[in-house]
Amino acid sequence: RLPAEAQTQGMNAACLRCKLLRCRFEGMLRLSRLIFHICLACGWLHSTECAPARYIDGFDPVSYLKIQVNNPDYEVQEVWAAHQHLPNYDNLIQAAKDTFDYLPKQYDPRFKNPCWYPEPGGPLKCLPYFQILGVSKCGTTDLYHRLTFNPEMVECPWKGPHFWDEAVHPARRRNDRYDGSFPAYVSVFDKPAKKIAESPRTITGEASSNTFTGVITFCRGPVWPRKLNVTLAQYLWEATPFARYIVLFRNPVDRYYSAYYYYRPKSAGPGSAEDFHRKAKSDIQQWRACVAQRPEWFCLRDYVPQQLVKGMYAAFLPPWFEVWPRSRFLFMRTEDYKRAPIAHVAAATAFLGLTNMTSESLQGAVQMPKANAKRYQPMLPETRMLLQNFYRPFNQRLVEALGGDRRWLWGY
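Residues numbered from 1 in each chain as written. Predicted model: local features only at pLDDT ≥ 70, side-chain atom pairs only at ≥ 80, totals over all residues. Heavy atoms only, no water.

**Focus: the overall build of the protein chain**
Phase 1 of the analysis: Within the protein chain, the secondary structure is distributed over 21 helices and seven strands.
Phase 2 of the analysis: Expressed as a percentage of the 412 residues in the protein chain, the buried residues total 56%.
Phase 3 of the analysis: Partitioning the contacts of the protein chain with sequence separation of at least 6, the portion at a separation of at least 24 is 73%. (Helix = DSSP H or I, 4+ residues; strand = E, 2+ residues; numbered from the N terminus. Buried < 20%, exposed > 50% of the residue type's maximum accessible area, 1.4 Å probe, protein only. Contact = heavy atoms within 4.5 Å.)

In structure tokens form, the structure reads like this:
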């Protein structure tokens, strides 16, 4: 006999039994692979808590992943051999010549990851197979570390080197230290390369959280002072046309509040909801003063005020989609990721073409302590209303850009 809860939520008996089993044995017995997949299909492995899968603002936290996930049907060397340069390729060489001088003529087809041997008998060199592009304070670090529970994913010791956007070209020589050059960036992956050499189907990746929103502002340092008509998306397309990208978007109001505390200098004090309200008003005024005099793209490129601008997700999509096919991106909503971590890790695993993780590996990934998780004072209601009104038009544009899915409105 099904309880009223099952009838009101439209659950079938298999889903309910799965939930009851999980409630009874969590922390005591390992779920068998069969029961794990039943739970995943029914939606009961959405969180580490023993609770029903509650929809956030009316949306299934998993359904939007299915239409995005596509298993990579190409090999790195195939893409590299067929690659054609963009019309502004010469400008990109000017922006980052050391990259194109160092890239190999071909990648070793024995490896799934983009790797090559610069010299016979020498060490293997590798680039990342994928990147989590951002956005900062949306869960990029958390997702990256959970993905490393997959045995086919080799963790990079430097998760976010911020090379493509911030490593100034020409590089500043620093003796034997990391100097920000392209060869130095490749050396960041030397430890993963050793493991990849032993297991050719493994991959590595990185998660520099400023890459997505820095697309028109940076390309190995700020582009405007060098008068370069290039974008970060174009640079990555020329250097790594085989790459795959994961992007997390969080309610921009909450992301902005989290960033206020995270990036606040210690000398400024602990911060408060009242101080944040004053800053939000000031930042909005600064942005509106800019767009009143200049085109939006100009103000976006200025990247000021940075933390307010980073929540205008839709405004940064066109430069990426002008170059990269939509199929190379997996977009996640942070609120859905937090509610259904196993389903999101599984979706990322499939998107990267990795072997499905065992139930034990997935449970280990989900039970990992949350990265960079902090609690702050509640935001003032008037501040939330102010920011919701500000971000609403950008959220509406995001809905249009991502196929009409209204979850990207975040309920306002």
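**As for the pattern of salt bridges**
Phase 1 of the analysis: A complete count under the given rule lists 15 salt bridges for this structure.
Phase 2 of the analysis: Arg 201 serves as the salt-bridge partner of Glu 75, at 3.9 Å between the closest nitrogen and oxygen. One end of the pair, Glu 75, is in the loop between helix H4 (63-66) and helix H5 (76-82); the other, Arg 201, is in the loop between helix H11 (190-198) and strand E5 (203-206), with 126 residues separating them in the sequence.
Phase 3 of the analysis: The salt bridge partner of Asp 283 is Lys 279, with a shortest N-O separation of 3.4 Å. Of this pair, Asp 283 and Lys 279 both sit in helix H14 (residues 273-291), separated by four residues, roughly a single helical turn.
Phase 4 of the analysis: Among the residues examined, Asp 283 registers a relative accessible area of 5% and is labelled buried.
Phase 5 of the analysis: On the basis of relative accessibility, which here comes to 36%, the residue Lys 279 falls in the partly exposed class.
Phase 6 of the analysis: The network of salt bridges with shared partners includes Asp 57, Arg 333, Asp 336, Asp 405 and Arg 407. (Salt bridge = Lys/Arg side-chain N within 4 Å of Asp/Glu carboxyl O.)

**Some thoughts on the side chain of His 169**
Phase 1 of the analysis: Looking at where His 169 falls in the secondary structure, it is placed in the loop between helix H9 (163-166) and helix H10 (182-187).
Phase 2 of the analysis: At 3.3 Å, the side chain of His 169 and the backbone nitrogen of Lys 97 are in polar contact.
Phase 3 of the analysis: Among residues more than four places away in sequence, those in contact with His 169 are Gln 94, Ala 95, Ala 96, Lys 97, Asp 98, Arg 220 and Arg 226. (Polar contact = N/O pair within 3.5 Å; in protein donor to acceptor, adjacent residues only side chain to side chain.)

**What to know about the state of the cysteines**
Phase 1 of the analysis: Under the counting rule described, the total for this entry stands at two disulfides.
Phase 2 of the analysis: What pairs with Cys 115 in a disulfide is Cys 126, and their sulfur atoms sit 2.1 Å apart. Given an S-S torsion of about 105°, the disulfide between Cys 115 and Cys 126 has right-handed geometry. Taken together, the residues span a long stretch of sequence, with Cys 115 in strand E1 (residues 115-116) and Cys 126 in strand E2 (residues 125-126) at a distance of eleven residues.
Phase 3 of the analysis: A relative accessible area of 0% places Cys 115 in the buried class.
Phase 4 of the analysis: Residue Cys 290 pairs covalently with Cys 299 via a disulfide, S to S 2.0 Å. (Disulfide = S-S within 2.5 Å.)

**Considering the sheet that holds strand E7 (residues 329-333)**
Hydrogen bonds between backbone atoms are what pair the strands of a sheet, whose relative direction is either parallel or antiparallel.
Phase 1 of the analysis: Ordered by their spatial adjacency, five strands build an open sheet running E4-E5-E3-E6-E7, and the pairing between neighbours is parallel. The outermost strands of the open sheet, each flanked by one partner alone, are strand E4 (153-154) and E7.
Phase 2 of the analysis: Of the pairings in the sheet, the one linking strand E3 (residues 130-134) to E5 comprises two bridges and is parallel in character. The residue bridging Phe 130 from the neighbouring strand is Gly 205, located in E5.
Phase 3 of the analysis: Packing of helix H17 (residues 313-321) onto the sheet brings it into contact with E3, strand E6 (244-249) and E7, and relative to E7 it is tilted by some 170°. (Pairing = 2+ DSSP bridges. Axes fitted to C-alpha atoms, helices over the stretch in contact; angles between N-to-C directions.)

**Examining the environment of Ser 208**
Phase 1 of the analysis: On the secondary structure map, Ser 208 appears in the loop between E5 and helix H12 (232-239).
Phase 2 of the analysis: With a relative accessible area of 1%, Ser 208 lands in the buried category.
Phase 3 of the analysis: Separated by 46 residues in the primary sequence, Ser 208 and His 162 place their C-alpha atoms 5.1 Å from one another.
Phase 4 of the analysis: Ser 208 has contacts with Ile 132, Leu 133, Gly 134, Lys 159, Gly 160, Pro 161 and His 162, leaving out every residue within four places of it along the chain.
Phase 5 of the analysis: Among the polar contacts made by the side chain of Ser 208, one reaches the main-chain amide nitrogen of His 162 at a distance of 2.8 Å.

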